[in-house]
Amino acid sequence: MFSDRTAWITPPSPLSVAIAARRALPGLIDLTAANPTEVDLPPLAPELVAALADPGVVRYDPDPAGPLAARAAVAAHYASLGHRVEPAHLRLAASTSEAYGWLFKLLCDPGDAVAVAHPSYPLLDDLARLEGVALVGVASTWHGRWELDLDALDAALTPRVRAIALVHPNNPSGAYVTLDLRDALVERCRRRGLALVVDEVFLEYPHRDDARRAPSFVGCDEVLTFTLSGLSKTLALPQMKLGWVHVGGPPAARDEALRRLEHVADSYLSVGAPVLRAAPAWLRHREALQRPVRERVAANLAALARAFAGESPVTLLPVEGGWSAVLRLPATRDDDDWVRALLDRGVLVSPGYFFDIPGDGYVVLSLLPRPDQFAEGVERLRGVVAEDGAVTPAR
Ligand SMILES: Cc1ncc(COP(=O)(O)O)c(C=O)c1O
């Protein structure tokens, strides 16, 4: 009765069941909390909420590309970051996730594949499968930062692969794409006729500068390049449901992609008028909306670094940007075991394998929880690791 493309939707795993049961009890510190509207950050100011009640919202004026005023506001946002973007090269969607779905429809036939750099954001797999597309994970190896294994990438690029996807900076590792990696990817896409799909939702949350870092891929015009982002992370407004795709590349391929994407978008017309009307005002307040998130993430990251400084069985992997951090715990237990041991002490983290981090002992933390809760959660984690008696320093 049901489609093969949903056959992978299985009942919750034993770990998910255990987490749900613990959530039902009081006292859990949730170090996976990544919803900016639920971690005591300042709410959207009333005058910015009022932008949703623009008098123009009473009209339905469908535009599959997204209204020009909203696209111009996104282009102005990029201009404020130093990137020149044409509103004509943008398409608006209800979220970055929806935009991924459109790109898989645009680029892939059922059975085709997209190569993606691991570790990576787990929703990508689901989004691809829902379109009948396979994701081929390409391993990264740890050299003080995760570096994509280019030999593994070359081996993964079978004729069914239509695109290479990456997250810049990565969720959860926080690693930005370097200029060298950018060149290596562009070269492969050009040689093999592949598209690049680059998710930049965390681009504006760097923790430090780095001259080796690639800039936004909105400036990449050597190969067909789709750059995705949206309000959910850029302005910490996931509830508003607005994302976008910038299409860049050689003009013939770029214009054909834009034309086809417009048709895909026309089949849904999914973004609501109030959000489209309000987005320009919100984007103009970028600094004010990002600042509390930046401060929160920086404070929690500093607390984490202090907690595991010096000789410690726990290593905080260096984080370049984004809202999450990866801890390497002693490999005496696998990820699942660690998550369960921590859950028993009332602290919830994500297992590294959720994000295809290879090896045992990795857990992922959100950097968004309230600082007092974050500190208490990290203290509990320290206690569990200490009691575990593992004196083996993390590798
Ligand atoms: C890397 C990455 N891309 C995309 C998304 C989803 O963004 P949106 O809310 O715009 O669908 C997330 C959400 O956590 C994410 O981590």
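All figures in this text were calculated on a predicted structure; none of them were measured in a lab.

Student: Just checking my understanding: could you explain the environment of P330 for this structure?
Tutor: Within the secondary structure layout, P330 lies in the loop between strand 12 (324-328) and helix 12 (335-344). P330 gets classed as buried once you look at its relative accessible area, which sits at 1%.

Student: It is not clear to me how the site of the ligand should be interpreted in this structure. Could you clarify?
Tutor: What surrounds the ligand is the set S95, T96, S97, Y121, V167, N171, D199, V201, F202, S232 and K233. A distance of 2.6 Å separates an oxygen atom of the ligand from a polar atom in the side chain of S97. One of the side-chain N or O atoms of K233 is found 3.0 Å from an oxygen atom in the ligand. Coverage of the ligand by the protein amounts to 88% of the 400 Å² it exposes when considered alone.

Student: Honestly, the domain arrangement of the protein in this entry has me stumped. Any pointers?
Tutor: As a measure of interface size, the accessible area lost when the parts come together is often cited. Splitting the protein by domain gives domain 1 (4-43 + 287-387) and domain 2 (53-285). Carbon and sulfur atoms supply 61% of the area that domain 1 and domain 2 bury against each other, a total of about 3,000 Å² over both sides. The largest per-residue losses of area from domain 1 upon contact with domain 2 belong to W8, E320 and W323, which jointly make up 26% of the total buried on that side. The tally of links between domain 1 and domain 2 comes to 1 salt bridge. A salt bridge links R145 to E320, with the nearest nitrogen and oxygen atoms 2.9 Å apart. For the pair domain 1 and domain 2, the interface holds 16 residue pairs in polar contact (both at pLDDT 80 or more). Listing elements by their share of the side of domain 1 that touches domain 2, those giving two or more residues are helix 11 (286-307), strand 12 and strand 15 (362-366). Among the elements that line the side of domain 1 that touches domain 2, the one with the most residues is helix 11, at 8 residues.

Conventions adopted
- Residues numbered from 1 in each chain as written.
- Predicted model: local features only at pLDDT ≥ 70, side-chain atom pairs only at ≥ 80, totals over all residues.
- Heavy atoms only, no water.
- Helix = DSSP H or I, 4+ residues; strand = E, 2+ residues; numbered from the N terminus.
- Buried < 20%, exposed > 50% of the residue type's maximum accessible area, 1.4 Å probe, protein only.
- Near = heavy atom within 4 Å.
- Polar contact = N/O pair within 3.5 Å; in protein donor to acceptor, adjacent residues only side chain to side chain.
- Areas by Shrake-Rupley, 256 points an atom, 1.4 Å probe, with all protein chains shown as cover.
- Domains from an automatic or database assignment.
- Buried area = accessible area lost by both parts, 1.4 Å probe.
- Salt bridge = Lys/Arg side-chain N within 4 Å of Asp/Glu carboxyl O.

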